[in-house]
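Descriptive structure summary
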Amino acid sequence: MEAIALLVTAIVVPYVVQLIKQQAITGKAAYWLAVGVSIVAGICVGFVGGIPETIGDWVLCIMAAISGVQMAYMAYKSVGITSKALDALANITVPATKVDDPLYISKQQSIKDHAENTQDKE
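Residues numbered from 1 in each chain as written. Predicted model: local features only at pLDDT ≥ 70, side-chain atom pairs only at ≥ 80, totals over all residues. Heavy atoms only, no water.

The subject of this paragraph is the packing of helix H2 (residues 27-46) against helix H3 (residues 55-77). Two numbers describe how H2 lies on H3: the axes approach to 7 Å, and their chain directions differ by 145°. Classified by chirality, the crossing of H3 by H2 is right-handed. Taken together, the residues of H3 that come into contact with H2 (itself represented by Ala34, Val37, Ser38, Ile39, Ala41, Gly42, Val45 and Gly46) are Cys61, Ala64, Ala65, Gly68, Val69, Met71, Ala72, Tyr73 and Tyr76. Along the lines of polarity and charge, the residues of the contact of H2 with H3 split into 13 nonpolar, four polar and no charged. (Axes fitted to C-alpha atoms, helices over the stretch in contact; angles between N-to-C directions. Helix = DSSP H or I, 4+ residues; strand = E, 2+ residues; numbered from the N terminus. Left-handed = near helix turned anticlockwise from the far one by under 90°. Contact = heavy atoms within 4.5 Å. Nonpolar A, V, L, I, M, F, W, Y, C, P; charged D, E, K, R; others polar.)

And the structure:
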């Protein structure tokens, strides 16, 4: 799957962008080709690690797929292909969660350890 994702993102997306830029494909055909390739790029990027097995893996897969679609769509947007749905998708941001941040976890553990040590001394 990694090879397919690489081919789609490194060869297919730029090739289709150039087709549209050089006006070899225009109008609705260019629009639907750009949307279709954007979605395929998202799916390829999302499933690069294989089929997700856990809920956490599914969340990562979905976020990677959204990022893949955003990446491809930004390339098409630069040559004038726009979509309200893909514009909305491009505006999605994923806030960093402190729960997944190892520095945050380490700091919280240090605070907890310090509190326990302070209580033991009293």
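In this section: the environment of Pro52. Positionally, Pro52 belongs in the loop between H2 and H3. C-alpha separation for the pair Pro52 and Ile62, spaced ten residues apart in sequence, amounts to 9.8 Å. Pro52 has contacts with Phe47, Asp57, Trp58 and Cys61, leaving out every residue within four places of it along the chain.

Two measures describe an aromatic ring pair: the distance that separates the ring centres and the angle between the ring planes. Summed over the entire model, instances satisfying the criterion amount to two aromatic pairs. Ring centres of Tyr31 and Trp32 lie 4.9 Å apart, and the angle between their planes is 80°; this geometry places the pair in the edge-to-face category. On the accessibility criterion, Trp32 (54% relative accessible area) is exposed. Taking NZ or CZ as reference, Lys28 lies 5.8 Å from the ring centre of Tyr31, over its face. (Phe/Tyr/Trp six-rings, centres within 6.5 Å; stacked < 30°, edge-to-face > 60°. Buried < 20%, exposed > 50% of the residue type's maximum accessible area, 1.4 Å probe, protein only. Lys NZ or Arg CZ within 6 Å of the ring centre and 35° of its normal.)

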